[in-house]
Amino acid sequence: MKTPEFKQKFIDRYSDLTDFEEFKKYSLKMQTKSLRVNTLKVSIPEFKERMNLKLKQVPWCKEGFFIDEEVFGIGNRPEHGLGYFYVQEASSMIPIEVLNPKPGDFVLDMAAAPGSKTTQIGAKMKNEGYIIANDTDYTRMSSLNANLQRCGVRNVITTLMQGRFIRGFEFDKILVDAPCSGTGTLSKSPRTIKTWNPFSVRRLAGIQRQLIKTAFENLKAGGELVYSTCTLEPEEDEGVISYLLDNFSDAKVSKIDIDLKRSSAVTSFGKKEYNPGVKNCLRIWPQDNGTDGFFITKIKKDL
Ligand SMILES: C[S@@+](CC[C@H](N)C(=O)[O-])C[C@H]1O[C@@H](n2cnc3c(N)ncnc32)[C@H](O)[C@@H]1O
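Bear in mind that the values here come from a model prediction, so they are computed numbers and not experimental data. (Residues numbered from 1 in each chain as written. Predicted model: local features only at pLDDT ≥ 70, side-chain atom pairs only at ≥ 80, totals over all residues. Heavy atoms only, no water.)

### Quick notes on the domain arrangement of the protein chain
Argument step 1. Each domain of the protein chain was delimited in the assignment, giving domain 1 (8-24 + 92-301) and domain 2 (32-88).
Argument step 2. Of note, the centres of domain 1 and domain 2, computed from C-alpha atoms alone, are 24 Å apart.
Argument step 3. In this assembly, 25 residues from domain 1 lie in contact with 20 residues from domain 2.
Argument step 4. Interface of domain 1 and domain 2: buried area, both sides summed, is about 1,700 Å²; carbon and sulfur atoms make up 61% of it.
Argument step 5. Interface area lost by domain 1 to domain 2 is led by Met93, Arg150 and Cys151, which between them contribute 42%.
Argument step 6. Counting across the interface, domain 1 meets domain 2 through zero salt bridges.
Argument step 7. For the pair domain 1 and domain 2, the interface holds 10 residue pairs in polar contact (both at pLDDT 80 or more).
Argument step 8. Listed by contribution, the elements that provide at least two residues to the side of domain 1 that touches domain 2 are α5 (94-99), α6 (116-125) and α7 (138-150). (Domains from an automatic or database assignment. Contact = heavy atoms within 4.5 Å. Buried area = accessible area lost by both parts, 1.4 Å probe. Salt bridge = Lys/Arg side-chain N within 4 Å of Asp/Glu carboxyl O. Polar contact = N/O pair within 3.5 Å; in protein donor to acceptor, adjacent residues only side chain to side chain. Helix = DSSP H or I, 4+ residues; strand = E, 2+ residues; numbered from the N terminus.)

Below you can see the structure in the form of structure tokens.
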């Protein structure tokens, strides 16, 4: 597919946020493929021996590896069907590294399909404790169920509903991997360049505010929530965190201590000044580490 032209509005907006030419160059470049070994099914040394691939460690995820050679159809290998690995973009592994669920935890994955992160949660929990994996999309839900089964995640209940209707729980840990405008993943879906518009960014930010509010209300005191998106739109990122901090005095953004290049959080955008608490949000541009762009925030609820 021919790469669509960037809209002038998009260029102006992103030139205010970063070096647009660098952003464009890295956004359109095909990135090195990566996978995550599913330790519920196989150990890392056994996997390496069996697959015989040139693998390079993803620095921020022990089970994550870049595939350092040209391979086709890795998803057709029998080991994929056996659930030995999940093809997952390297920056998409960060939210669960930051959430760090432990065996025995009670965890909500609020927008879970198709399950790259739920299966990562399951592996970290060693199938001990409980996960509720929710999504609102029926078709994506079947991929979620298939991936959970393939990867041998057994401590999970899947639910099909709008996240904002979840009520009355006290989770230890919650992931809100929100539906978003996806401007961090243009190399995979260049169509976004064509479909992007400020109105849909505003509409998505409304859904994201509902989801983060509900998630926070279902978090136990002392619990931790990770909010992530694969968009670089401040309204959907720092804007959503700022909304939470302005409305819940017991929400605090924690520093994220992880080994990668990051960019400063956006503290104001257009006429909007964000809550100063957003300064600890993790914003990753495609040009920072040669991965997809991602936004990740860790929030703790005061005891
Ligand atoms: C970024 S994707 C999630 C990817 C998934 N966490 C993974 O790592 O495989 C966002 C998901 O949010 C779901 N979604 C959209 N609106 C929602 C809502 N109101 N409540 C819950 N999920 C929603 C979409 O169907 C989509 O699957």
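### A word on the layout of surface pockets
Argument step 1. Here the largest pocket defines a volume of roughly 1,100 Å³.
Argument step 2. In terms of lining residues, the largest pocket is bounded by 45 residues, among which Ala113, Pro114, Arg140, Asp177 and Cys230 are the most central.
Argument step 3. For the lining of the largest pocket, the secondary-structure elements that each account for two or more residues are β4 (85-87), α6, β6 (130-135), β8 (171-177) and α9 (198-217).
Argument step 4. The dominant element in the lining of the largest pocket, judged by the number of residues it contributes, is α9, at four residues.
Argument step 5. Broken down by class, the residue content of the lining of the largest pocket amounts to 18 nonpolar, 16 polar and 11 charged.
Argument step 6. Of the domains in this structure, domain 1 (8-24 + 92-301) and domain 2 (32-88) are the two that each give at least three residues to the lining of the largest pocket.
Argument step 7. Lining the second largest pocket, in full, are Arg209, Glu235, Gly239, Val240, Ser242, Tyr243, Asp246, Phe269, Lys272, Glu273, Tyr274 and Asn275.
Argument step 8. At the level of secondary structure, the elements contributing two or more residues to the lining of the second largest pocket comprise α10 (238-247) and β12 (272-273). (1 Å grid on protein atoms, 1.4 Å probe; cavity = no way out; pocket = protein on both sides within 12 Å on 5 of 7 lines; lining within 4 Å. Points joined across faces, edges and corners; volume = space filled by probe spheres on them. Nonpolar A, V, L, I, M, F, W, Y, C, P; charged D, E, K, R; others polar.)

### Remarks on the side chain of Thr291
Argument step 1. Inspection of the secondary structure puts Thr291 in the loop between α11 (286-289) and β14 (294-301).
Argument step 2. Setting aside anything within four residues of it in sequence, one finds Thr291 in contact with Gln31, Trp60, Glu89, Ala90, Ser91, Ile284 and Pro286.

### Let's talk about the sheet that holds strand β1 (residues 34-37)
Argument step 1. Read from one edge of the open sheet, four strands run β2-β3-β1-β4, paired in antiparallel fashion. Looking at the sheet topology across the chains shown, the edges are occupied by β2 (55-57) and β4. Taking the axes of each pair of neighbouring strands and ignoring which way they run, one obtains an average angle of 35° across the sheet.
Argument step 2. Pairing analysis gives three bridges linking β1 to β4, with the strands arranged antiparallel. Looking at the pairing, Val37 lines up with Phe85 of β4.
Argument step 3. Helix α3 (residues 44-51) rests against β1, β2, β3 (64-67) and β4 of the sheet, and its axis sits at about 130° to β1. (Pairing = 2+ DSSP bridges. Axes fitted to C-alpha atoms, helices over the stretch in contact; angles between N-to-C directions.)

### Structural notes on the nonpolar core
In summary, soluble globular proteins display a tendency toward joint burial of nonpolar side chains.
Argument step 1. In this structure, Val176, Leu225, Tyr227, Ile241 and Ile299 are the most contacted members of the largest nonpolar core, which totals 42 residues.
Argument step 2. Those elements giving two or more residues to this core turn out to be α1 (8-17), α2 (20-28), β8, α9, β9 (219-229), α10, β10 (251-254) and β14.
Argument step 3. Of all the elements, α9 adds the most residues to this core, at five residues.
Argument step 4. Setting aside residues no more than four positions away along its own chain, Ile299 makes contact with Ile212, Phe216, Gly223, Glu224, Leu225, Ile241, Leu244, Ala251, Lys252 and Val253.
Argument step 5. Core analysis: the second largest hydrophobic core is formed by 33 residues, Ile94, Ala112, Val226 and Ile256 among them. (Core = buried A, V, L, I, M, F, W, Y, C linked by side-chain atoms within 4.5 Å. Buried < 20%, exposed > 50% of the residue type's maximum accessible area, 1.4 Å probe, protein only.)

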